Every structure is written in C-alpha cells, then in structure tokens.
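Architecture at a glance
So you can see what is in the structure, the chains are spelled out below.
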Amino acid sequence: MEELVSKLVAWIREQAEEAKRQGVVFGLSGGIDSSVVGVLCKRAFPDNCLAVIMPCYSSETDIQHAIAVAQKFQIPFRYVILDEVFDALREALPDGGLDPETKRIAEANIKPRLRMITLYYLANRLDYLVVGTGNRSEISVGYFTKYGDGGVDILPLGNLVKTQVRELAMHLGIPDEIIHKPPSAGLWEGQTDEGEMGITYEELDRYLLTGAAPEGIKKKVDAMMARSAHKRATPPIPPF
C-alpha cells in the first residue's frame, strides 16, 4: 500500500511540474475521497498545497470532519462559505414555466459548480493545478456533476474503486468516523451516494473489477455508463 502512495504522490508532483504549476489546490469536503487526496497532495507539495472547505448549506458534521483532517495532517486550508452566492444565483435563474420535477437536481448541481469556480479562482491566483477527488466507481457511472466536481485538472484516484480508496484511507490514517460514514455528495439533507444510485459501492466495485454481478445490477450499471458517456468525453467536434 505504501508503494501505491509513493507512486500517487510522485504522479501528482509530476503532473504539476509538467504543467509548470507551483503546487496544487483541492476541495476538502469531509468525505473519504477528498481526505485521501488531501494527504497525498500534502505529501507531494508540503509547502505548496491548499485545501478549500466550501460549505454550501452543508452538514456541520462534514465541515468539522474537513477541518479535523486539515489539522491532523497540517494541510493549509481556506474557508469559503457559498450559501449566499448559491441563494443569489438561484434567485436570478428562471423558474416559471419550467418542469418542477427537474428543479431539485438542477439546483443541487449549482453547488459543485460554484465550488469548481472557487477552486479555479484560487488556482489562477496561486499558479496551482486543481486536483479532483473522483474515484473510478463514480467516474465509471457518471456519479459526478459535469463542470462541477468533474471540472478538474487531474484525478489521482481515477483508477481506484471506492473500496480501494477506503483501504488507502485506512493506511494513511484518515479518522475512522470519516472512513465509515455513508458516502454523500452533500447535495441535499439526507442524500447518500448509494441511495441515489440505487446500488451499493460493493456491488458496483465488484462488477467493475471482475465483471461479475447479478443481471439486475449489470443492467443498471451498464445503463448508467451509457447515459453518462458524455461526461467522460471532450465535447464533440464535427468531423468536417
């Protein structure tokens, strides 16, 4: 496991150096993925990394967990509250005449997109790369917001499924309460990844790693992959 850590740390450093950037910036949400990324980034750039905690009507527990990780691993962090920005944008956007069934997810996706803007603002100011926290499980089925948490420069966990990230977190010493709490994107109160996807990470990871799964799981995952293919591709350009 330590060999994997060393390779990921070296890769993060190489990516920043190739891009001629001075360091790295990333969002720290209080979840397992961002906590792991935070520790890796701190090891890659001990003096040139920045965590950004960006609550937007977020769980107080998640905020406390994010601060705890930053303090435990001595990761410099900035605290940017996005509640008022979110409210202002939501008020400015059109609502009348639109399908009310689409309102919840459309508004929820504003949050990760505001965080993306914040990270790139700081990246521009500091001459840093934006490091994403997505893992292979989320990326494979499109469980991320396009141009939100998917809007990043590099994805060091992109080849690791969720269960592998959990193993890495235990090795790195991420607090147990973070490792074992239900994964959530924090889009609304009570929201969880597995509840929204309709399958568990264990089921998804097994299918991704082995191709084995009950027929119902296979159909669900295959459909999610097909539906989200556009998220994993650059915008199409006409072939003429």
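Here, the structure is the one placed above.
This is a predicted model, so every value here is computed, not measured.

Packing of helix α4 (residues 83–92) against helix α6 (residues 110–126) leaves a shortest axis separation of 11 Å and a crossing angle of 120 degrees. Regarding the angle of α4 to α6, the classification is oblique. When you trace α4 past α6, the crossing you get is right-handed. In this structure, α4 uses Val-85, Phe-86 and Leu-89 to contact α6, whose residues at the interface are Ile-110, Lys-111 and Leu-114. The residue inventory of the contact of α4 with α6, partitioned by class, reads 5 nonpolar, no polar and 1 charged.

Before going further, it helps to examine the nonpolar core. Core analysis: the largest hydrophobic core is formed by 36 residues, its most contacted members being Val-36, Leu-40 and Ile-174. Going through the elements one at a time, α1 (2–18), β1 (23–27), α2 (32–44), β2 (49–53), α3 (60–72), α8 (162–172) and α9 (176–179) are the ones with two or more residues in this core. The element contributing the most residues to this core is α2, with 7 residues. With residues up to four places along the chain from it excluded, the contact list for Val-36 reads Leu-157, Val-165, Leu-168, Ala-169, Leu-172 and Ile-174. One finds Val-52, Met-54, Phe-86 and Leu-114 within the second-largest nonpolar core, a separate group that totals 14 residues.

Here the focus is the sheet that holds strand β4 (residues 128–130). In space, the 4 strands of this open sheet follow the order β3-β2-β1-β4, with parallel pairing throughout. With one partner strand each, in any of the chains shown, β3 (77–79) and β4 form the two edges of the open sheet. For this sheet, the mean inter-axis angle between neighbouring strands, taken without regard to orientation, is 25 degrees. In terms of strand pairing, β1 meets β4 through 3 bridges, oriented parallel. Counterpart to Val-25 in the pairing with β4 is Val-130.

Structurally, the position occupied by Asn-135 is in the loop between β4 and α7 (136–141). Residue Asn-135 is classed as buried on the basis of its relative accessible area of 0%. Polar side-chain contacts of Asn-135 include one of 3.0 Å to the backbone nitrogen of Ser-137.

Let us look at the pattern of salt bridges. All chains considered together, the criterion is met by 11 salt bridges. When the shortest N-O distance is used, the salt bridge between Asp-127 and Arg-21 registers 3.7 Å. Of this pair, Asp-127 sits in the loop between α6 and β4 while Arg-21 sits in the loop between α1 and β1, and the two are 106 residues apart along the sequence. By relative accessible area, which is 30% here, Asp-127 ends up partly exposed. Classification of Arg-21 as partly exposed rests on a relative accessible area of 36%. Among the salt bridges present, the one from Glu-107 reaches Lys-103, with a minimum N-O distance of 2.9 Å. Placement of both Glu-107 and Lys-103 in helix α5 (residues 103–108) is noted, with a separation of 4 residues, approximately one turn of the helix.

A few words now on the pairing of β2. By the criterion of burial, β2 is predominantly enclosed, with 5 of the 5 residues buried. Neither face of β2 is open: one carries Cys-49, Ala-51 and Ile-53, the other Leu-50 and Val-52, and all of them are buried. Of the pairings in the sheet, the one linking β1 to β2 comprises 4 bridges and is parallel in character. Among the inter-strand pairings, Val-24 is bridged to a residue of β2, identified as Cys-49. With α2 bridging β1 and the parallel β2, this β-α-β connection has right-handed handedness. With 3 bridges connecting them, β2 and β3 associate as parallel partners. Counterpart to Val-52 in the pairing with β3 is Arg-78. Regarding the hand of the β-α-β motif, the stretch spanning β2, α3 and β3 is right-handed.

Parameters and conventions
Residues numbered from 1 in each chain as written. Predicted model: local features only at pLDDT ≥ 70, side-chain atom pairs only at ≥ 80, totals over all residues. Heavy atoms only, no water. Axes fitted to C-alpha atoms, helices over the stretch in contact; angles between N-to-C directions. Helix = DSSP H or I, 4+ residues; strand = E, 2+ residues; numbered from the N terminus. Parallel < 35°, antiparallel > 145°, perpendicular 65-115°, else oblique. Left-handed = near helix turned anticlockwise from the far one by under 90°. Contact = heavy atoms within 4.5 Å. Nonpolar A, V, L, I, M, F, W, Y, C, P; charged D, E, K, R; others polar. Core = buried A, V, L, I, M, F, W, Y, C linked by side-chain atoms within 4.5 Å. Buried < 20%, exposed > 50% of the residue type's maximum accessible area, 1.4 Å probe, protein only. Pairing = 2+ DSSP bridges. Polar contact = N/O pair within 3.5 Å; in protein donor to acceptor, adjacent residues only side chain to side chain. Salt bridge = Lys/Arg side-chain N within 4 Å of Asp/Glu carboxyl O. Right-handed = clockwise from strand over helix to strand, strands pointing away.

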